[in-house]
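Architecture and fold: a report
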Amino acid sequence: MSALLESYIAGQWFRAQDEGEPVVDAVTGEEVARVSSRGLDYAALVNHARSVGAPAIQALTFHERAGLLKSLAKHLGGVKDEFYALSARTGATRRDSMVDIDGGIGTVFSYASKGTRELPNDTIVLDGRFEPLGKQGTFLGQHIYISRPGVAVQINAFNFPVWGMLEKLAPAFLAGLPSIVKPASQTAYLTEAVVRRILESGILPEGSIQLVCGSAGTLLDELTEQDCVAFTGSAHTAAILRNHSSVLHGGVRLGVEADSLNSAILGPDVMTTDPEFDLFVKSVVTEMTVKAGQKCTAIRRVLVPVDIADEVVDAISAKLAKVTVGNPSDDSVRMGALASLAQRDEVRKAVEALGNAADIVFGDPNQVDVVGADAEKGAFLSPVLLRARPGAVEPHDIEPFGPVATVLSYGSIAEAVELAARGRGSLVVSLVSHDPQVARDVALGVAPWHGRLLVLDRDDAGESTGHGSPLPVLVHGGPGRAGGGEELGGIRAVLHHMQRTAIQGSPDMLTAVTGQWFTGSRRRGGEVHPFRKSLAELKIGDSIESDSRQVTLDDIDHFAEFTGDTFYAHTDPEAAAANALFGGIVAHGYLVVSLAAGLFVEPNPGPVLANFGVDNLRFLTPVKAEDTIRVTLTVKQIIPRSSADYGEVRWDAVVINQEGAAVATYDVLTLVAKTWPQEGQN
Ligand code: NAP
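Here the residue numbering is sequential within each chain, running from 1 through the sequence in written order. Whole-chain, interface and lining totals are the exception, using all residues; otherwise, since this is a predicted model, local features are given only for residues with pLDDT of at least 70 and side-chain atom pairs are given and counted only at 80 or more. The side-chain numbers reported here are obtained from all heavy atoms of the structure, hydrogens and water having been left aside.

1. A word on the sheet that holds strand β13 (residues 299–305)
When DSSP finds two or more bridges between two strands, those strands count as paired. A run of DSSP states H or I qualifies as a helix once it reaches four residues; a run of E qualifies as a strand once it reaches two. Both are numbered from the N-terminal end. As summarised here, the arrangement of the 7 strands in space is β15-β17-β18-β13-β12-β19-β20, forming an open sheet in which the pairing is mixed. Only two strands of the sheet have a single partner each, and these edge strands are β15 (358–362) and β20 (450–456). For this sheet, the mean angle separating the axes of adjacent strands, direction not counted, is 25 degrees. Bridging between strand β19 (residues 426–432) and β20 involves 6 bridges; their strand directions are parallel. What counts as an axis is a line fitted to C-alpha atoms, over the stretch in contact for a helix, and the angles between N-to-C directions run from 0 to 180 degrees.

This is the structure in structure tokens:
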């Protein structure tokens, strides 16, 4: 008998109290492992996550969490060969395994990088700008995102045992939530191996990740308002979870990624001789055969113009005929096995049901030539292409979770859109077309029914990541039947896990709560110019009010000539006077900003190392010749960089005229040394 997979709970590995159910090799039918969670203490699991995991992660800033994710991704990259060996036992070819294993590790890298670049080195995130709530500026509102003192339960499908775990774990961890990972039993041996390596590395704080191998048992009963469940799997299981009392009555947030009848549309503009025709055929065949079609994003419905449908069917069939099925460890094999014999039976049943409305035009679900393996013992299946009869309903309803697709023909763009929408909400749709108007008409029609749309043509094909690949930076999920959930999408996935709260109060109170300076909040002047202060010495609210400077007509002339910006408002008195916005010659906005820099700068070498840009620049009131301006600069936000001896300082800049009216507002962005003089300098 093979080894019983263990769960990891409250800092220890746990062995179930029975022998467990066998899980077999998809290729050979041999037992790989046994799986059971009998006797697991689900209350202790959840309690450990809340009392140990959440506080430990939430004590770290986003940048520190991102740093740990980067170390973790590097570590897993170093030991991934072991995962490849196990992955082959799930029926995956090397290319399939790469999508799962390297794709998962790449997703962790992506979140590590985004966390550092797009989140503050803090534990809260500000959502948008503040809202002024009173006329005097003493009452403001600001939305913030804050971590929840809860746990993220992640229930995954069998088809991506590594990526499925890591794409949920990384954003949850960045958001401050500990994860309880529940892999699908069929491929849990691979997930367990990865979790062992994660834990052995000691990179993540204790309690950040726990594992349930076997049934989820009473796990959901233990969850409450601050917890969330991210589920990937069948619509059937999703319905059970949606009706769980913790979700219905207990305030537990549930995100669902369920089954999906994705389509690919061949544009009506495409001829058989166009490169788009080949791109379309290749994309359909790839999506049918990668992971043996066991991908939630695989193309199930192939929508083609009626007058070209025969050619499309022939071309796809010809390419499918070249696909070698068999043992994934054989180099000639393009498509491996399904995850289990039970899964193959399911797909055969689905093909039979599709037969009510469509005819098989390629492949035989009951017969396949297999290379390097026993066709009886492994879960092998031929790719199967069907062609729908007119009015077919089944292809829009039945998801064969294997290497199966159905060709449907359409007469007009409106009909193509209508057919795509009959999937009642899908993860992804491709349009292959080189016609911009077709792209717009189809995109606007199908977008409400899909989470993602790929427009593929000769121009982007070389770099396209393909129809079936969810990307860490783009949203993965779809409306309706696809589950209505959203995962990934860059920092969006982090914020999904957090609580958004509107904070109302005075500017001083908002500054205190958020650690970021708000307009109207107290400023601190002083003897020392803030540009002479290192990051360690600077405080939020440190400020400098500059001297005044008159802007003369000579200044404006000089700037116009010097830069070549001779726009009439700065050079032609009559034309400038005729424009009601100006009423005469006005200074260039960039002149005002440049003069302001001259007013606030401290010119000597010091802790301010560089200016790397401005944000939110607005010119509010024209500056006329002979107006006088001055500027107030205030430290708004301080972001130390963990990997450098400097950090970023965001300064609030307000330029006013002699009447006190704001003429320009913006944020100045600088890099400031953590200490000054810097180490090694005197
Ligand atoms: P499944 O049978 O629904 O299982 C999914 C997960 O739910 C497994 O971990 C399973 O554990 C667990 N589960 C089953 N019953 C449960 C219950 N009552 N309470 C809590 N957890 C429960 O789906 P599958 O057969 O593994 O996956 C295939 C389906 O997933 C396809 O329909 C496919 O379209 C969909 N899918 C969707 C996406 C997406 O991103 N939208 C991605 C991949 C797959 P056990 O294995 O231990 O039963």
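2. A word on the site of the ligand
Only a single heavy atom is needed: when it lies within 4 Å of a molecule or strand, its residue is near that molecule or strand. Looking at the ligand, there are 26 residues lining it, with Asn156, Ser185, Ser234, Thr237 and Glu399 nearest. Between asparagine 156 and the ligand, the recorded distance is 2.7 Å, taken from a backbone N or O atom to an oxygen atom. In protein, a polar contact requires one atom able to donate a hydrogen and another able to accept it; more generally it is a pair of N or O atoms within 3.5 Å, and residues adjacent in sequence count only if both atoms are side-chain atoms. Within the backbone of glycine 233, an N or O atom sits 3.2 Å from an oxygen atom of the ligand. Note that accessible areas follow from Shrake-Rupley with a 1.4 Å probe, and for residues the cover is restricted to the protein chains shown. Within the complex, 79% of the 910 Å² of free accessible area of the ligand lies under protein. At the level of elements, β10 (228–232) and α7 (235–242) are the ones that each hand at least two residues to the shell around the ligand. With 3 residues, the top contributor of residues to the shell around the ligand is α7. Gly falls in the polar group here, along with every residue not listed as nonpolar (Ala, Val, Leu, Ile, Met, Phe, Trp, Tyr, Cys, Pro) or charged (Asp, Glu, Lys, Arg). When grouped by side-chain class, the residues that make up the shell around the ligand number 13 nonpolar, 9 polar and 4 charged. A domain assignment, automatic or from a database, supplies the domain bounds used here. Built from parts of two domains, the shell around the ligand gets at least three residues from each of domain 1 (7–258) and domain 2 (262–471).

3. Some points on the UniProt feature "domain: MaoC-like" (unreviewed entry) in the protein chain
Following the UniProt record, the feature "domain: MaoC-like" (unreviewed entry) maps to residues 540–641 here. As annotated, residues 540–641 comprises 32% helix and 29% strand, and the C-alpha atoms at either end are separated by 17 Å. UniProt positions are given in the numbering used here, feature names are shortened, and annotations may be inferred rather than shown by experiment.

4. Notes on the domain arrangement of the protein chain
Each assigned domain of the protein chain is listed here: domain 1 (7–258), domain 2 (262–471) and domain 3 (523–673). One C-alpha centre belongs to domain 1, the other to domain 2; they are set 30 Å apart. The term buried area refers to how much accessible surface (probe radius 1.4 Å) is lost by two components on association, counted for both of them together. Interface of domain 1 and domain 2: buried area, both sides summed, is about 1,700 Å²; carbon and sulfur atoms make up 59% of it. Considering only the surface of domain 1 that becomes buried against domain 2, Val27, Phe158 and Asn159 emerge as the three largest contributors, covering 28% of it.

5. Description of the sheet that holds strand β6 (residues 140–146)
Backbone hydrogen bonds are what pair the strands of a sheet, in a parallel or an antiparallel way. The strand order across the open sheet built from 3 strands is β5-β6-β23, with neighbouring strands paired in antiparallel fashion. A single partner strand is all that each edge strand has here, and the edge strands are β5 (124–132) and β23 (499–505). Averaged over all pairs of adjacent strands, the angle between their axes in this sheet comes to 20 degrees, without regard to strand direction. Where β6 meets β23, 7 bridges bridge the pair, whose relative direction is antiparallel. The partner of isoleucine 146 across the bridge, within β23, is glutamine 499.

6. Quick look at the nonpolar core
Ile265, Leu266, Phe280, Val302, Ile316 and Leu385 are the most contacted members of the largest nonpolar core, which has 63 residues in total. Counting residues per element, this core draws most heavily on helix α9 (residues 275–289), which supplies 6 residues. Setting aside residues no more than four positions away along its own chain, leucine 266 makes contact with Glu276, Phe277, Phe280, Leu303, Val304, Pro305, Ile308, Val312, Tyr410 and Val432. Among buried residues, the Ala, Val, Leu, Ile, Met, Phe, Trp, Tyr and Cys ones that are joined through side-chain atoms within 4.5 Å form a nonpolar core. A simple rule labels every residue: compare its accessible area, found with a 1.4 Å probe on the protein chains alone, to the largest value its type can have, and call it buried under 20%, exposed over 50%, or partly exposed in between. Ile101, Phe160, Val195 and Leu495 belong to the second largest nonpolar core, which has 52 residues in total. Throughout, a contact is declared for two residues whenever any of their heavy atoms are within 4.5 Å.

7. So, the side chain of glutamine 294
Within the secondary structure, glutamine 294 is located in the loop between α9 and β13. Within the structure, the side chain of glutamine 294 is placed 2.9 Å from the backbone nitrogen of alanine 339, a separation counted as a polar contact. If near-sequence neighbours (up to four positions away) are discounted, glutamine 294 is found in contact with Phe158, Asn159, Phe160, Ala337, Leu338, Ala339, Gln343, Phe401 and Gly402.

8. Quick look at a positive patch on the surface
On the surface, Arg95, Lys282, Lys319, Lys322 and Arg334 cluster together into a positively charged patch. Position of arginine 334 relative to the elements: it lies in the loop between β14 (325–326) and α11 (341–354). Surface patches are drawn from residues lacking salt bridges whose relative accessible area is over 30%; two like charges belong together within 9 Å, two nonpolar side chains (Val, Leu, Ile, Met, Phe, Trp, Tyr) within 5 Å. By definition, a salt bridge exists where a carboxyl oxygen of Asp or Glu is found within 4 Å of a side-chain nitrogen of Lys or Arg. In summary, the charge assignment counts Lys and Arg as positive and Asp and Glu as negative, without counting His or the chain termini. For charged residues, the charge sits on one atom: NZ in Lys, CZ in Arg, CG in Asp, CD in Glu.

9. So, the packing of aromatic side chains
Think of a pair of aromatic rings as described by two things: how far the centres are apart, and how the planes are tilted against each other in angle. Side-chain rings of Phe, Tyr and Trp (the six-membered ring for Trp) are treated as a pair once their centres are within 6.5 Å; stacked means planes under 30 degrees apart, edge-to-face means over 60, and tilted covers the remaining angles. Summed over the entire model, instances satisfying the criterion amount to 8 aromatic pairs. Taken together, a centroid distance of 5.8 Å and an interplanar angle of 90 degrees make the contact between phenylalanine 158 and phenylalanine 401 edge-to-face. Here phenylalanine 158 is found in the loop between β7 (152–155) and α5 (163–174), whereas its partner phenylalanine 401 is found in the loop between β17 (384–388) and β18 (404–410), with 243 residues between them in sequence. On the accessibility criterion, phenylalanine 158 (17% relative accessible area) is buried. Assessed through its relative accessible area of 13%, phenylalanine 401 is described here as buried. Members of the aromatic cluster, joined through ring pairs, are Phe531, Phe600 and Trp651. Charges are assigned to positions over rings by a cutoff of 6 Å between ring centre and Lys NZ or Arg CZ, combined with an angular limit of 35 degrees from the ring normal. Between arginine 129 and the ring centre of phenylalanine 130, over which it is positioned, the NZ or CZ distance is 4.9 Å. The ring of tryptophan 13 carries arginine 196 above its face, with NZ or CZ at 3.8 Å from the centroid.

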